[in-house]
Amino acid sequence: MARRPLQEINAGSMADIAFLLLIFFLVTTTMDQDVGILRQLPPPVPDDMEKPPEVKQRNVYEVLVNSKDQLLVEGKPMDIENLKQGAKEFYTNPMNSPDLPQLTQVSRAMVDENIVRLKQALRQNPDSKDLKEKLEKWEDKRSAIELVGPYKELPTSALISLQNDRGTSYKTYISVQNELSAAVNELRNKLSLEKFGVPYTELNPAKDADKPMIKAIRAVYPQRISEAEPKNIGS
Amino acid sequence: MSKFVRKGKKGTPGISTASLPDIIFMLLFFFMVVTVMRQDDPKVKISKPNATETEKLEKKSLVDYINVGPPFDTRFGTEPKIQLDDSFAELSDIAVWIEDNRERRDEAEKPQITTSLKVDSDTEMGIVTDIKQELREAQALKINYSVNKGSIKSNR
């Protein structure tokens, strides 16, 4: 039998096959980037927990939202456009108002003094967890000072307290959360631009070089949003 | 006698389609790389609210979605309902669902699991608060409010 020359495979239908695959992927996949506002929920409260210590009125920025999506901030009705400015004033207290938290100046000498004192105390009882935590806090402050210089610090009890009604609409809730975040982010961006020349949002937490900067800026402007435990209010 | 003799008719030569598969394959690979597989069919209508201070969700394989909104199918009513995976669920199902999702993951990845709340912007906060309480009880504390990027002015 005579050998026939090898026939080439017809590749004409290759395009059709590829088209089929392409259309399959177009249909089954999504392209939208998932973005959102990240939040950490507080762990559940045990029933027998003792009452938290009373916090000074001036150290709490109270934001209430009712079922008609109206805001009551520090006892006064407020438009949502002004919330960011209000929160920024709470964080910085530029006029030294007696209704807003009293900021304390953190200086190099003060931090060093406290670290020395705590180290001595630790030598005497090396197992104290409380002391270790305190020392860690002051050491964080020292590294912050090294990067951004002396800064003004919020009292540890200062926080923004957010409470909403069950009838508040979700979009208003998100708007309020967004404005409160925006206040901190703007302050952080400003500080970061001043000290490091890049806005805070451009710093990358995955990069080793950026980590101390992020930590320092967070020490100066901590994000303190606390959501009140939901209460059952009769409708 | 002319030197160049035309053989046969002179028609326009057809465009070679030999490279067509290559072009299509290129498109195919582009889509395969930039997209992700669709997670589940939405059964509830969700128009997400807008926000500016957003962060990207890092690892999609470590994100679980809770959808809340009015059902597409009005036979299920018009009140907002919770959708977990591909089916409607009650509040009490959330704890079990969270536990199931934890079981699926590696031990090392468990603390990084994020629960993403995709909630319709006109939903009342009551149901969202209830879900958040359930999540707290289930120790799923890392959450994400899914939003679209945009000015909050359009949230009116």
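Predicted, not measured: the structure shown is a model, and the values here were computed from it.

Calculation rules
- Residues numbered from 1 in each chain as written.
- Chains lettered and ligands numbered in written order.
- Predicted model: local features only at pLDDT ≥ 70, side-chain atom pairs only at ≥ 80, totals over all residues.
- Heavy atoms only, no water.
- Helix = DSSP H or I, 4+ residues; strand = E, 2+ residues; numbered from the N terminus.
- Rg over C-alpha atoms; globule rule 2.2 N^0.38 Å.
- Buried < 20%, exposed > 50% of the residue type's maximum accessible area, 1.4 Å probe, protein only.
- pLDDT = per-residue confidence, 0-100.
- Core = buried A, V, L, I, M, F, W, Y, C linked by side-chain atoms within 4.5 Å.
- Contact = heavy atoms within 4.5 Å.
- Expected span 1.5 Å × (residues − 1).
- Pairing = 2+ DSSP bridges.
- Axes fitted to C-alpha atoms, helices over the stretch in contact; angles between N-to-C directions.
- Salt bridge = Lys/Arg side-chain N within 4 Å of Asp/Glu carboxyl O.
- Patch = residues over 30% accessible without salt bridge, like charges linked within 9 Å, V, L, I, M, F, W, Y side chains within 5 Å.
- Areas by Shrake-Rupley, 256 points an atom, 1.4 Å probe, with all protein chains shown as cover.
- Parallel < 35°, antiparallel > 145°, perpendicular 65-115°, else oblique.
- Left-handed = near helix turned anticlockwise from the far one by under 90°.
- Buried area = accessible area lost by both parts, 1.4 Å probe.
- Polar contact = N/O pair within 3.5 Å; in protein donor to acceptor, adjacent residues only side chain to side chain.

Across its full length, chain B holds 3 helices and 8 strands. Reading the secondary structure of chain B in the N-to-C direction produces α-β-β-β-β-β-β-α-β-α-β. For 156 residues, the compact-globule estimate of 2.2 N^0.38 gives 15 Å, and the C-alpha radius of gyration of chain B, at 26 Å, exceeds that figure by more than 25%. The C-alpha extent of chain B, read off along each of the three principal axes, is 100 × 40 × 35 Å. Within chain B, the proportion of its 156 residues that are buried is 38%.

So, about the confidence of the model for chain A. Predicted coordinates in regions of low pLDDT should not be interpreted in detail. With 96% of its residues at a pLDDT of at least 70, chain A reaches an overall mean of 83. Of all secondary-structure elements in chain A, the lowest mean pLDDT belongs to strand β1 (residues 29–30) of chain A, at 75, while helix α5 (residues 170–196) of chain A reaches the highest, 90.

Our focus in this paragraph is the environment of Ala144 of chain A. Along the chain, Ala144 of chain A turns up in helix α4 (residues 129–148). Separated by 73 residues in the primary sequence, Ala144 of chain A and Ile217 of chain A place their C-alpha atoms 7.3 Å from one another.

So, on to the nonpolar core. Counting residues in hydrophobic clusters, the biggest one holds 68 residues, and the most contacted among them are Val176 of chain A together with Ile66 and Leu135 of chain B. Setting aside its immediate chain neighbours within four residues, Val176 of chain A contacts Val63, Val65, Leu71, Ile80, Leu83 and Leu162 of chain A. Residues Leu22 and Phe25 of chain A together with Ile24 and Leu28 of chain B belong to the second largest nonpolar core, which totals 6 residues.

Moving on, we get to the side chain of Lys141 of chain A. Residues and elements named next belong to chain A. Relative to the helices and strands, Lys141 is located in helix α4. When its relative accessible area of 14% is taken as the criterion, Lys141 is described as buried. The residues touching Lys141, leaving out its near neighbours within four places in the chain, are Val106, Val111, Tyr151 and Glu153.

A few words on helix α1 (residues 14–28) of chain A. A rise of 1.5 Å per residue sets the reference length of α1 of chain A, with its 15 residues, at 21 Å; its end C-alpha atoms lie 21 Å apart and thus fit the reference within 8%. Where the residues of α1 of chain A are buried, they touch β1 of chain A together with α1 (20–34) and β1 (36–37) of chain B.

Turning next to the sheet that holds strand β4 (residues 71–73) of chain A. All names here are of chain A. One open sheet holds the 5 strands; their spatial order is β5-β4-β3-β8-β9, and the pairing between them is mixed. The sheet is open, and its two edges are formed by β5 (76–78) and β9 (225–227), each paired on a single side. The sheet shows a mean angle of 30 degrees between the axes of neighbouring strands, taken without regard to direction. Where strand β3 (residues 60–65) and strand β8 (residues 159–164) come together, 6 bridges link them in parallel fashion. Within β8, the position partnered with Tyr61 by the bridge is Ile160. Sitting on the sheet, helix α2 (residues 83–92) is in contact with β3, β4, β5 and β8, with an inclination near 160 degrees to β3.

A few words now on the confidence of the model for chain B. All names here are of chain B. Model confidence for chain B is summarised by a mean pLDDT of 85, while 92% of its residues fall at 70 or above. Per-element averaging of pLDDT across chain B places β1 at the bottom with 72 and strand β7 (residues 114–119) at the top with 92. What the predictor reports for the complex is a pTM of 0.79 with an ipTM of 0.78.

Okay, the pattern of salt bridges next. Residue and element names in this part refer to chain A. According to the stated counting rule, one finds 17 salt bridges over all chains in the structure shown. Salt-bridge contacts for Glu186 lead to Lys84; the nearest nitrogen and oxygen are separated by 2.9 Å. With Glu186 in helix α5 and Lys84 in helix α2, this pair connects stretches of sequence that are 102 residues apart. Judged by relative accessible area, Lys84 falls into the partly exposed class, the value being 24%. Residue Asp112 is joined to Arg108 by a salt bridge in which the shortest nitrogen-to-oxygen separation is 3.7 Å.

On the surface, a nonpolar cluster with roughly 490 Å² of combined accessible area is contributed by Phe29, Phe30, Met32, Val33 and Val34 of chain B. Its place among the elements puts Met32 of chain B in helix α1.

Residues and elements named next belong to chain A. Pairing of β3 with β4 involves 3 bridges; the strand directions are antiparallel. In the strand pairing of β4, Leu64 is matched with Leu72. Between β3 and β4, which pair antiparallel one after the other, the connecting turn spans 5 residues, and Asp69 there sits at a positive phi close to 65 degrees.

Once that is clear, we can look at the packing of α1 of chain A against α1 of chain B. Contact geometry of α1 of chain A with α1 of chain B gives a least axis separation of 9 Å together with a crossing angle of 15 degrees. Comparing the axis directions of α1 of chain A and α1 of chain B gives the class roughly parallel. As for how α1 of chain A packs across α1 of chain B, the hand of that crossing is left-handed. Facing α1 of chain A, whose interface residues are Met14, Ala15, Ala18, Phe19, Leu21, Leu22, Phe25 and Leu26 of chain A, α1 of chain B presents Leu20, Pro21, Ile24, Phe25, Leu27, Leu28, Phe31 and Met32 of chain B.

Moving on, we come to the side chain of Ser116 of chain B. Residues and elements named next belong to chain B. Residue position: Ser116 is located in strand β7. Under the relative-accessibility criterion, Ser116 is labelled buried at 0%. Non-local contacts of Ser116, meaning those with residues more than four positions away in its chain, are made with Leu57, Val63, Asp64, Tyr65, Ile66, Asn144 and Ser146.

We now examine the interface of chain A and chain B. The interface is formed by 49 residues belonging to chain A together with 59 residues belonging to chain B. Regarding the contact of chain A and chain B, the summed buried area is about 5,000 Å², with carbon and sulfur atoms giving 61% of it. The largest share of the area that chain A buries against chain B comes from Asp34, Leu41 and Tyr170 of chain A, three residues that together contribute 17% of it. In this assembly, chain A and chain B are joined by 3 salt bridges. In this structure, Asp130 of chain B and Arg166 of chain A form a salt bridge, with 2.8 Å as the shortest nitrogen-oxygen distance. Linking chain A with chain B are 21 residue pairs in polar contact (both at pLDDT 80 or more). Of all elements in the fold, only α1, β1, β2 (35–40) and α5 of chain A reach the threshold of two or more residues within the side of chain A that touches chain B. Ranked by the residues each element gives to the side of chain A that touches chain B, the list is headed by α5 of chain A, at 11 residues.

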